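Commentary on secondary and tertiary structure
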Amino acid sequence: MKRPRIDTEANHRLVTRRAAILGGVQLAFVGALGARMQFLQVDQADQFRLLAEENRINIRLIPPSRGEIFDRNGVPLARNVPSYRIVIVREDAGEVEEVVQSLGKLVSLDPDEVERAMAEMNRSAPFLPITFADEVSWEDLSRVSVNAPALPGVTPEVGLSRVYPLGSDYAHVLGYVGPVSDYDLERIEDPDQLLRIPRFQIGKVGVEAKIEENLRGKAGARRVEVNAAGRVMRELDRREGIPGSDMQLTIDAKLQSYVQARLSTESASAIVMDVQSGDLLAIASAPTFDPNLFVRGISSRDYKSLTENKYRPLASKSVQGTYPPGSTFKMITAMAALEEGLIGPDETVYCPGHLEVAGRRFHCWKRAGHGWVDLQNSLKQSCDVYYYDLALKVGIEKISAMANRFGLGERHDVPMSAVAKGLTPTKDWKSRVHGQDWVIGDTVNASIGQGFMLASPLQLAVMTARLASGNSVTPRLIKTVDGIEQPSGAGTNMGMNENNLRKMRRAMFATVNDRRGTAYGSRIIEDAMRMAGKTGTSQVRNITAAERRAGVVRNEDLPWERRDHALFVNFAPYDNPKYAVAVVVEHGGGGSKAAAPIARDVTLQALYGGEPPLEAYPTKDRGRIETQQQVLRGMQPVANIAGSDQA
């Protein structure tokens with residue numbers, strides 16, 4: 001057989017092509033390997049050297065600085081101050097007990113704090129720093145730094161801690177911060193990693209809690225080289241966090257300080273509100289407490305003294321407390337009747353001291369009665385029978401609806417804890433909540449702010465501001481956030497008949513400035529500053545028929561907790577309303593005696609932007625007021641602040 005002819009030239013070309021491809025692949029592989037080796041051994045040499053043997057890289061969070069809080073004029077209310085502390089990281093310390101013993105030879109350690117810190121360390125991630133000593137001196141910090149090589153995992157740090165310069169004056173408004181607790185973590189759906197840092201401080205109550213996320217800011221991070229002994233060798237890089245937002249409140253520090261001092265040790269509250277803008281210039285509750293005690297954890301003894309005080313210093317009575325509004329509610333009943341066209345200003349009702357309704361006798365506060373009274377005289381003398389009669393004409397549904405229009409029965413949106421909604425009852429509400437039918441006596445009681453009717457001091461201030469302005473003004477507490485002005489609470493026209501509003505304002509003016517008015521003793525003499533207002537007495541006990549026959553026991557002869565609440569609301573100046581004020585004195589007795597004098601003093605302080613002249617007071621009061629002013633000056637931590645912009 002003849003062999004096929006082999007094309008040697010073609011085979012040679014094929015071998016050459018394959019060799020070239022194979023050589024290229026080998027060359028590319030060697031090149032990539034070389035490039036990778038250069039990247040690992042040269043470019044990343046420092047990085048991998050840090051990871052070698054006994055060295056490692058730690059990522060640590062940098063807590064942001066918390067936003068600071070100021071009053072409307074820039075007076076600091078909540079600040080951050082440097083605080084030295086000593087922390088231990090468990091995974092770097094090794095034998096923690098031995099390290100703590102060594103540390104205890106250098107600085108004084110509180111056994112209770114050590115026990116707390118050990119418990120925190122056992123339930124926390126091993127890389128988290130745990131505080132074993134807080135607020136240490138510079139000398140102690142230096143001593144620990146010098147001995148750092150013998151203290152693995154121990155790091156002296158400089159952090160920030162919250163301080164409230166004006167102490168108790170703002171306790172119920174600002175609230176306070178405290179260490180994150182397990183309870184805090186449980187109620188947050190997706191907690192920020194910052195919150196897992198033991199002893200990290202967050203807002204617990206008040207503005208601090210309600211605007212926590214804005215005030216907290218965002219965490220930063222740093223990468224550090226840590227050796228086998230747990231000592232930080234160096235910082236590799238750092239990413240700074242975003243500090244929390246600074247807040248400016250609508251509160252005036254000087255006015256707030258005065259109001260708090262004026263309430264003194266009473267179990268009481270007071271609100272001062274700008275009639276036009278809704279700005280809350282003062283929100284005081286007494287007695288109060290020092291929020292600085294809570295920042296690092298209050299002692300059992302201090303906490304017990306607060307919780308066992310019958311005057312409830314921890315409660316923010318100005319927004320949390322709800323009370324039967326008493327006679328301060330009579331303007332609402334009258335407005336409901338006026339708007340429905342059921343009465344005229346000159347129509348009169350005869351008051352013999354009581355009114356029979358459905359076989360039950362409802363009494364007026366004045367046993368002998370007021371005789372014939374019209375709208376203005378009924379409010380001026382606070383005749384109950386007049387409003388009983390109105391209630392029968394108007395009905396509870398329209399009375400409660402009018403109360404809602406004036407801000408009662410509404411939870412106002414202010415960033416404070418446990419803001420109360422109050423109660424404006426209706427027939428449906430009683431059936432739903434109590435399983436009972438509404439009776440006519442319920443309506444009669446509600447007409448004078450008793451029975452089921454409940455309101456907070458904040459709501460009463462809103463009601464008064466709306467009466468004074470005719471606008472649906474709402475309360476505002478946050479003025480600016482990082483310098484950006486927040487929306488005003490000015491509201492819009494309520495759509496009320498202006499003539500009806502004028503009638504109510506004139507009647508409130510007569511209550512304070514007419515000799516027969518229930519608040520005449522607390523009037524303002526200066527014509528340009530005169531106020532209009534209404535007293536209220538909220539009954540807290542049932543007066544039996546037998547007691548009425550024998551004579552009702554005076555409040556001052558009863559135990560404190562059985563005395564009536566005292567209330568007063570007002571606005572001023574009458575001709576050009578600027579401020580609305582509401583004062584409630586728990587178990588203070590009569591509104592004209594206990595609440596009206598406080599409200600008058602607070603109103604003058606707001607109008608004058610500081611201590612008013614004695615000439616603004618009735619002559620007979622000036623000696624007492626002069627002495628009172630001297631005492632109150634020493635009780636105000638910001639009394640030396642010059643000026644007070646009330647704009």
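Heads up: the structure comes first, above all this text.
First, a word on what this report is: a plain description of the structure on this page. (Residues numbered from 1 in each chain as written. Predicted model: local features only at pLDDT ≥ 70, side-chain atom pairs only at ≥ 80, totals over all residues. Heavy atoms only, no water.)

Thoughts on the overall build of the protein
The secondary structure content of the protein amounts to 24 helices and 21 strands. Taken over the C-alpha trace, the protein has a radius of gyration of 36 Å; the compact-globule value for 647 residues is 26 Å, which it surpasses by more than 25%. Seen through its C-alpha atoms, the protein measures out along the principal axes to roughly 145 × 80 × 50 Å. Counting the 647 residues in the protein, one finds 51% classified as buried. Carbon and sulfur atoms make up 50% of the accessible area of the protein, which totals about 30,400 Å². (Helix = DSSP H or I, 4+ residues; strand = E, 2+ residues; numbered from the N terminus. Rg over C-alpha atoms; globule rule 2.2 N^0.38 Å. Buried < 20%, exposed > 50% of the residue type's maximum accessible area, 1.4 Å probe, protein only. Areas by Shrake-Rupley, 256 points an atom, 1.4 Å probe, with all protein chains shown as cover.)

Re the pairing of strand β19 (residues 532-538)
For β19, a buried count of six out of seven residues is recorded, marking the element as mostly surrounded by other parts of the structure. Of the strand pairs in this sheet, β19 and strand β20 (residues 565-572) are connected by seven bridges, and their pairing is antiparallel. In the sheet register, S538 faces β20, and the bridge partner there is H565. (Pairing = 2+ DSSP bridges.)

Quick look at a nonpolar patch on the surface
A cluster of nonpolar side chains, contributed by F29, V30, L33 and M37, occupies part of the molecular surface with about 400 Å² of accessible area. With respect to the secondary-structure elements, L33 resides in helix α1 (residues 8-43). Judged by relative accessible area, L33 falls into the partly exposed class, the value being 42%. (Patch = residues over 30% accessible without salt bridge, like charges linked within 9 Å, V, L, I, M, F, W, Y side chains within 5 Å. Salt bridge = Lys/Arg side-chain N within 4 Å of Asp/Glu carboxyl O.)

Quick look at unusual backbone geometry
A cis amide bond links A286 to the next residue, P287, at an omega of -5 degrees. In this structure, P287 sits in the loop between β12 (280-286) and α12 (300-307). Residue P573 is reached from A572 by a cis peptide bond, and omega for that bond is -10 degrees. With respect to the helices and strands, the residue P573 is situated in the loop between β20 and β21 (579-585). Phi at D482 is positive, roughly 50 degrees, even though this residue is not glycine. By the element assignment, D482 lies in the loop between β17 (478-481) and β18 (484-485).

Focus: the pattern of salt bridges
A side chain with one charge can pair with a side chain of the opposite charge if their charged atoms come near. Tallied over the full model, the rule gives 33 salt bridges. Here D184 ties to R187 by a salt bridge, and the two come within 3.3 Å at their closest N and O atoms. Across the pair D428 and R432 runs a salt bridge whose closest N-O atoms are separated by 2.6 Å. Here R432 and D428 lie together in helix α18 (residues 427-434), a separation of four residues that amounts to about one turn. Through salt bridges that share partners, R262, R600, D601, K620, D621 and R624 make up one connected network.

What to know about the packing of aromatic side chains
What the rule picks out here adds up to 13 aromatic pairs. Ring centres of F571 and Y574 lie 6.4 Å apart, and the angle between their planes is 25 degrees; on these two criteria the pair is classed as stacked. Residue classification places Y574 among the partly exposed residues on the basis of a relative accessible area of 22%. Over the face of the ring belonging to Y520 we find R523, whose NZ or CZ atom lies 3.8 Å from the ring centre. (Phe/Tyr/Trp six-rings, centres within 6.5 Å; stacked < 30°, edge-to-face > 60°. Lys NZ or Arg CZ within 6 Å of the ring centre and 35° of its normal.)

A word on helix α21 (residues 498-513)
When the terminal C-alpha atoms of α21 are compared, their 22 Å separation across 16 residues agrees well with the 22 Å that a helix rising 1.5 Å per residue should span. The elements touched by buried residues of α21 are α14 (330-339), α15 (375-380), α20 (457-469), β19 and β20. The N-capping residue of α21, defined by a side-chain oxygen 2.8 Å from the backbone nitrogen of N499, is N497. (Expected span 1.5 Å × (residues − 1). Contact = heavy atoms within 4.5 Å. Polar contact = N/O pair within 3.5 Å; in protein donor to acceptor, adjacent residues only side chain to side chain.)

So, the environment of G326
Checked against the element boundaries, G326 lands in the loop between α13 (317-320) and α14. A relative accessible area of 0% means that G326 is categorised as buried. The residues contacting G326, other than those within four sequence positions of it, are I448, G449, Q450 and T537.

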